[in-house]
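A look at the structure
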Amino acid sequence: MNDVSIFRVNLLRAVYLLIGVGLALNIWPQLGRPQELMQGVVTCMLAVVAVLALVGVRHPLRMLPILIWEMLWKTLWVLLVAWPAWRAGTMDEGIAATLFACAVGAVVPLTLPWTYVWRRYVTDRAEPWRPDKATAPGAHAVQ
């Protein structure tokens, strides 16, 4: 099936559970409340990430793109928002709180099975763009 150890798979499950429960406790209560446009978008997106993270508890390797997304958006935010604000001396309480939340997410790259990620998402063959002529519906098997 794969060469990811059961320890690593269970570690991933713990990370998914942490993300899913954390977001469910913090984000789901905000659903249905009046919000500014972009805050409402973020709340809805994070509510769905919570659901997908909980799916990751059952299917940790299949849901790796969720963890990769988490890692990438937090890295991008730190580099493009928090770091420039810190350098300019303009970091406010909101930025500091979000930076702390992103720092908690630093556990994600430590738990990812990088060899598996590289093989599965970079070097493996991609899914076909068109059906194979030999296996397309109505095609006759050539022997």
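First, a word on what this report is: a plain description of the structure on this page. Residue numbers run consecutively from 1 along every chain, following the written order of its sequence. For a predicted model such as this one, the threshold for reporting local features is a pLDDT of at least 70, and the threshold for listing and counting side-chain atom pairs is 80 or more; totals across whole chains, interfaces and linings nevertheless cover every residue. The basis for every side-chain value is the complete set of non-hydrogen atoms in the structure, without hydrogens or water.

Moving on, we get to the pattern of salt bridges. Once their charged atoms are close, side chains differing in charge can pair, the charge on each being opposite to the other. By convention in these notes, a salt bridge is any Lys or Arg side-chain nitrogen within 4 Å of a carboxyl oxygen on Asp or Glu. Applying the stated criterion across every chain, the model contains two salt bridges. When the shortest N-O distance is used, the salt bridge between Arg119 and Asp3 registers 3.0 Å. With Arg119 in helix α6 (residues 114-123) and Asp3 in the segment before α1 (6-26), this pair connects stretches of sequence that are 116 residues apart. Under the scheme applied here, a residue whose accessible area is under 20% of the maximum for its type counts as buried, over 50% as exposed, and between as partly exposed, the area being computed with a 1.4 Å probe on protein chains only. Residue class for Arg119 comes out partly exposed when judged on its relative accessible area of 29%. We classify Asp3 as exposed; its relative accessible area is 55%. Between Glu70 and Lys74 there is a salt bridge whose closest N-O contact spans 3.0 Å. Residue Glu70 and its partner Lys74 are located together in helix α3 (residues 64-88), separated by four residues, close to a single helical turn. Side by side, Glu70 and Lys74 carry an identical accessibility label, which is buried. Under the DSSP-based scheme used, a helix requires at least four consecutive residues in state H or I and a strand at least two consecutive residues in state E, with every element numbered from the N terminus.

Moving on, we get to the packing of α3 against helix α4 (residues 93-104). What counts as an axis is a line fitted to C-alpha atoms, over the stretch in contact for a helix, and the angles between N-to-C directions run from 0 to 180 degrees. Orientation of α3 relative to α4, taken along the N-to-C sense of each, is 145 degrees, at an axis distance of 10 Å. The two elements α3 and α4 meet at a crossing, and its hand is left-handed. Contacts from Trp73, Lys74, Trp77, Val78, Ala82 and Ala85 in α3 reach Ile95, Thr98, Leu99, Ala101 and Cys102 in α4. Nonpolar residues are Ala, Val, Leu, Ile, Met, Phe, Trp, Tyr, Cys and Pro. Charged residues are Asp, Glu, Lys and Arg, and all others, Gly as well, are polar. A breakdown of the residues in the contact of α3 with α4 according to their chemical character gives nine nonpolar, one polar and one charged. Crossings are classed by handedness, with left-handed meaning an anticlockwise turn of the near helix from the far one by less than a right angle and right-handed meaning a clockwise turn. We call two residues contacting when some pair of their heavy atoms lies within 4.5 Å.

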